[in-house]
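This is what each chain is made of:
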Amino acid sequence: MKNCLVIQHYDSTTAGSTFDWLVQKSIKFQVWRVDSQPEPDISKFEGLIVCGGKHNVDQVDVYPWLKREKEIIKERAEKGSPVLGLCLGGQLLAESIGGEVGPHKGWEIGWYPVQLANDEILTSFQYHSYRFLIPPKAELTVKGDYCLHQGFSYKNSMGFQFHPECTKEWIVNCTNGMTTNYQGNVQTAKQIIDDIANQVTLQNWYYKVLESWVK
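Figured I'd write up the structure that's included with this text. Remember, predicted model here, so these are calculated numbers, not experimental data.

### A look at the nonpolar core
Line of reasoning, step 1. One finds Ile49, Leu84, Phe125, Phe160, Ile171, Leu202 and Trp205 to be the most contacted residues of the largest nonpolar core, which totals 37 residues.
Line of reasoning, step 2. Where this core is concerned, the elements lending two or more residues are strand 1 (3–8), helix 1 (17–24), strand 4 (83–86), strand 5 (101–116), strand 6 (121–132), strand 9 (157–160), helix 4 (168–176) and helix 6 (198–214).
Line of reasoning, step 3. In this view, Leu202 contacts Trp111, Leu122, Thr123, Ser124, Phe125, Phe162, His163, Pro164 and Cys166; residues no more than four positions away in its chain are not counted.
Line of reasoning, step 4. If you look at the next biggest cluster of nonpolar residues, it comprises 27 residues, including Phe45, Leu48, Leu92 and Leu93.

Here you go:
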């Protein structure tokens, strides 16, 4: 892969550590703020990275640009182009190729173990209240306890419900914005910060995944 388009929905929810990896691999990228910038020439990009955000997939009436974004994701994924979906991006990818996406039974926030396809356990960083179900013809690659479907692959695309791209700075920002209103599987800000060293292991795993994605 020589270049990719990064679709960003919100100021603070970027592609995170993905940017450093792209620079390391000399892969050129452009960030497109889909909510406020004109659509670029999508055909110029080999890969597509779809970030997280505060929006939900069923809010097209509130955020009309979601409709066009879903069309782009579907077209690229079905064509076999590499698409990577992160949290909201994973939900958008799942829905675009026929999966069900909707509210989960509660929030999931913090460090929680997930099981990989090879049965290894990875400590993931979660921050979501919606969830996806694995789309038809997709393969479940990561699963969790509270939220079962955590990752999938489809042709040359992959989606994650958790945040493998998280940086330590972003995690701290997340805890600063936490309130007592979150219901579900939710750790305290202190618990999250106390275990922030998990980010290093998560990032190392993520970079290996990115290596396989671009191939």
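### Some thoughts on the side chain of Thr175
Line of reasoning, step 1. Inspection of the secondary structure puts Thr175 in helix 4.
Line of reasoning, step 2. Side-chain polar atoms of Thr175 contact the backbone oxygen of Val172, separated by 2.6 Å.
Line of reasoning, step 3. The residues touching Thr175, leaving out its near neighbours within four places in the chain, are Ala189, Ile192 and Ile193.

### A look at the pairing of strand 4
Line of reasoning, step 1. The two faces of strand 4 match: Val83 and Gly85 on one face and Leu84 and Leu86 on the other face are all buried.
Line of reasoning, step 2. The pairing of strand 3 (residues 47–50) with strand 4 spans 3 bridges and is parallel. For Val50, the partnering residue across the bridge sits in strand 4 and is Gly85.
Line of reasoning, step 3. Once you follow strand 3 into helix 2 (residues 65–79) and on to strand 4, the crossover reads as right-handed.
Line of reasoning, step 4. Two strands pair when backbone bridges link them, and strand 4 and strand 9 are joined in this way by 3 bridges, in the parallel orientation. The partner of Gly85 across the bridge, within strand 9, is Gly159.

### Concerning the layout of surface pockets
Line of reasoning, step 1. Estimated volume of the largest pocket: approximately 420 Å³.
Line of reasoning, step 2. For the largest pocket, the lining is made up of 21 residues, of which Thr13, Gly53, Lys54, Trp107 and Tyr127 are closest to its centre.
Line of reasoning, step 3. Tallying contributions element by element places strand 6 first for the lining of the largest pocket, with 4 residues.
Line of reasoning, step 4. Counted by class, the lining of the largest pocket contains 9 nonpolar, 11 polar and 1 charged residues.
Line of reasoning, step 5. Within this model, the second largest pocket holds a volume of roughly 200 Å³.
Line of reasoning, step 6. As for the second largest pocket, its lining consists of Leu116, Glu120, Thr141, Val142, Phe152, Ser153, Met158, Phe160, Trp205, Val209 and Ser212.
Line of reasoning, step 7. Of all the secondary-structure elements, those providing two or more residues to the lining of the second largest pocket are strand 7 (139–143), strand 8 (149–154), strand 9 and helix 6.
Line of reasoning, step 8. Ranked by residue count, the leading element in the lining of the second largest pocket is helix 6, at 3 residues.

### Focus on helix 4
Line of reasoning, step 1. Among the residues making up helix 4, those that are buried are Trp170, Ile171, Cys174 and Thr175. The arc that holds the buried residues of helix 4, viewed along the axis, is 140°, so those residues lie on one side. Summarising the geometry of helix 4, the exposed residues directed more than 90 degrees from the buried face are Glu169 and Asn176.
Line of reasoning, step 2. Tucked into the core, helix 4 has its buried residues touching strand 5, strand 6, helix 5 (189–194) and helix 6.

Thresholds applied
- Residues numbered from 1 in each chain as written.
- Predicted model: local features only at pLDDT ≥ 70, side-chain atom pairs only at ≥ 80, totals over all residues.
- Heavy atoms only, no water.
- Core = buried A, V, L, I, M, F, W, Y, C linked by side-chain atoms within 4.5 Å.
- Buried < 20%, exposed > 50% of the residue type's maximum accessible area, 1.4 Å probe, protein only.
- Helix = DSSP H or I, 4+ residues; strand = E, 2+ residues; numbered from the N terminus.
- Contact = heavy atoms within 4.5 Å.
- Polar contact = N/O pair within 3.5 Å; in protein donor to acceptor, adjacent residues only side chain to side chain.
- Pairing = 2+ DSSP bridges.
- Right-handed = clockwise from strand over helix to strand, strands pointing away.
- 1 Å grid on protein atoms, 1.4 Å probe; cavity = no way out; pocket = protein on both sides within 12 Å on 5 of 7 lines; lining within 4 Å.
- Points joined across faces, edges and corners; volume = space filled by probe spheres on them.
- Nonpolar A, V, L, I, M, F, W, Y, C, P; charged D, E, K, R; others polar.
- Arc of directions from axis to C-beta.

Take it as geometry only, folks, not as evidence of what the structure does.
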